[in-house]
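Overview (structure and organization)
Below, each chain spelled out in residue letters.
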Amino acid sequence: SQELEQSPQSLIVQEGKNLTINCTSSKTLYGLYWYKQKYGEGLIFLMMLQKGGEEKSHEKITAKLDEKKQQSSLHITASQPSHAGIYLCGADRLSTGNQFYFGTGTSLTVIP
Amino acid sequence: NAGVTQTPKFQVLKTGQSMTLQCAQDMNHEYMSWYRQDPGMGLRLIHYSVGAGITDQGEVPNGYNVSRSTTEDFPLRLLSAAPSQTSVYFCASRDRVTTGELFFGEGSRLTVL
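Described below are features of the structure shown in this document. (Residues numbered from 1 in each chain as written. Chains lettered and ligands numbered in written order. Predicted model: local features only at pLDDT ≥ 70, side-chain atom pairs only at ≥ 80, totals over all residues. Heavy atoms only, no water.)

**A short note on the state of the cysteines**
Per the counting criterion, the structure on display carries two disulfides over all chains. At a sulfur-sulfur separation of 2.1 Å, the disulfide partner of Cys23(A) is Cys89(A). Classification of the bridge connecting Cys23(A) and Cys89(A) rests on its S-S torsion, roughly 75°, and on that basis the disulfide is right-handed. Here Cys89(A) lies in strand E9 (residues 85-93) and Cys23(A) lies in strand E3 (residues 19-25), a separation of 66 residues in the sequence. Cys23(B) shares a disulfide with Cys91(B); S-S distance 1.8 Å. One disulfide, between Cys23(B) and Cys91(B), carries an S-S torsion of -75° and so falls in the left-handed class. Taken together, the residues span a long stretch of sequence, with Cys23(B) in strand E3 (residues 19-25) and Cys91(B) in strand E9 (residues 87-94) at a distance of 68 residues. What makes Cys91(B) buried here is its relative accessible area of 0%. (Disulfide = S-S within 2.5 Å. Helix = DSSP H or I, 4+ residues; strand = E, 2+ residues; numbered from the N terminus. Buried < 20%, exposed > 50% of the residue type's maximum accessible area, 1.4 Å probe, protein only.)

Put into C-alpha cells, the structure is as follows:
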C-alpha cells in the first residue's frame, strides 16, 4: 500500500503564480525528503526535513514539515518554466528501516 | 566525480530474453538500491543492498535478481523478461553517514516486446 500520498497529482500554472504540493503520511515521519525529476531524467535532491515544524528554503522553493510530522508541503513562489517537472516526496519505511519509499509524485507544468 | 552511472540508457528486449542493467557509484556509499518508475505509480523499490555481500528485497522483487560483490557495483538482472517489466529503471546510492540523501543515476528505459 502507498503510505505517502501526494496531492495534487498534476498541476498546470501560469508563469509567475505560486503553488503548493502536499505530501501526507499515515504514520509519523522521521525524515521527509523532497526530490525533483525533470522529464526523462534522474531525480535531484531538493531538501530534507526532520523536525516537527521545520521549514527550509532554497531559492524560490520552501518546504515545511508539520508539528505532528505527518504532512509536508512544498511551496514554489513566482513559478518559472525551469520549475517544471515531477516532484516526489520520500521517506524511510520504519518497519523495515532500510527501505526508502516515495509518494506517487506531482507533475508540474508551468506555462510561459 | 561521476556519481551514479547506469548502463544502458535504452534497451529493447523480446519476451523471455535476459539482460543485466549495470550500476556503479564512486562515492563509497554502502547503501545502493534499484527502483522502477511507471506512470501513475511513482518509484517502487525492487531490491536494495546495505553493503557488499548483502542484498534484500523491496516492494516489487519478482522477476529480478541482484548481487553486490563490491561496494561500487550493484547490477540488476532480468532472468526472463516479460512485457510487465517495461519501465524506466533507476539505480541510487545513499549517503547514510551525513544527509541520508539518495543519489540517482540517469535511468534506463527498458521495453519488453
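Alright, that's what it looks like, and here's the rest.
**A look at the sheet that holds E3(B)**
Residue and element names in this part refer to chain B. Strand order in this open sheet of four strands is E1-E3-E8-E7, and the pairing throughout is antiparallel. At either margin of the open sheet sits one strand with a lone partner, and together these are strand E1 (4-7) and strand E7 (64-66). Within this sheet the neighbouring strands show an average axis-to-axis angle of 20°, counted without direction. Here E7 runs beside strand E8 (residues 76-78); their pairing, made up of three bridges, is antiparallel. Pairing of Tyr64 across the sheet is with Leu78, part of E8. (Pairing = 2+ DSSP bridges. Axes fitted to C-alpha atoms, helices over the stretch in contact; angles between N-to-C directions.)

**Section: the layout of surface pockets**
Of the volumes computed, that of the largest pocket is approximately 590 Å³. Taken together, 29 residues form the lining of the largest pocket, with Gln37(A), Ile86(A), Gln37(B), Val88(B) and Arg109(B) sitting closest to its centre. When contributions to the lining of the largest pocket are tallied by element, the ones reaching two or more residues are strand E11 (106-111) of chain A together with strand E4 (31-38), E9 and strand E11 (108-112) of chain B. Considered class by class, the residues forming the lining of the largest pocket number eight nonpolar, 15 polar and six charged. Estimated volume of the second largest pocket: approximately 280 Å³. For the lining of the second largest pocket, the secondary structure elements donating two or more residues are strand E5 (43-49) of chain A together with E1 and strand E10 (102-104) of chain B. Residues of the lining of the second largest pocket, tallied by class, amount to nine nonpolar, five polar and four charged. (1 Å grid on protein atoms, 1.4 Å probe; cavity = no way out; pocket = protein on both sides within 12 Å on 5 of 7 lines; lining within 4 Å. Points joined across faces, edges and corners; volume = space filled by probe spheres on them. Nonpolar A, V, L, I, M, F, W, Y, C, P; charged D, E, K, R; others polar.)

Just distances and angles here, no functional claims.
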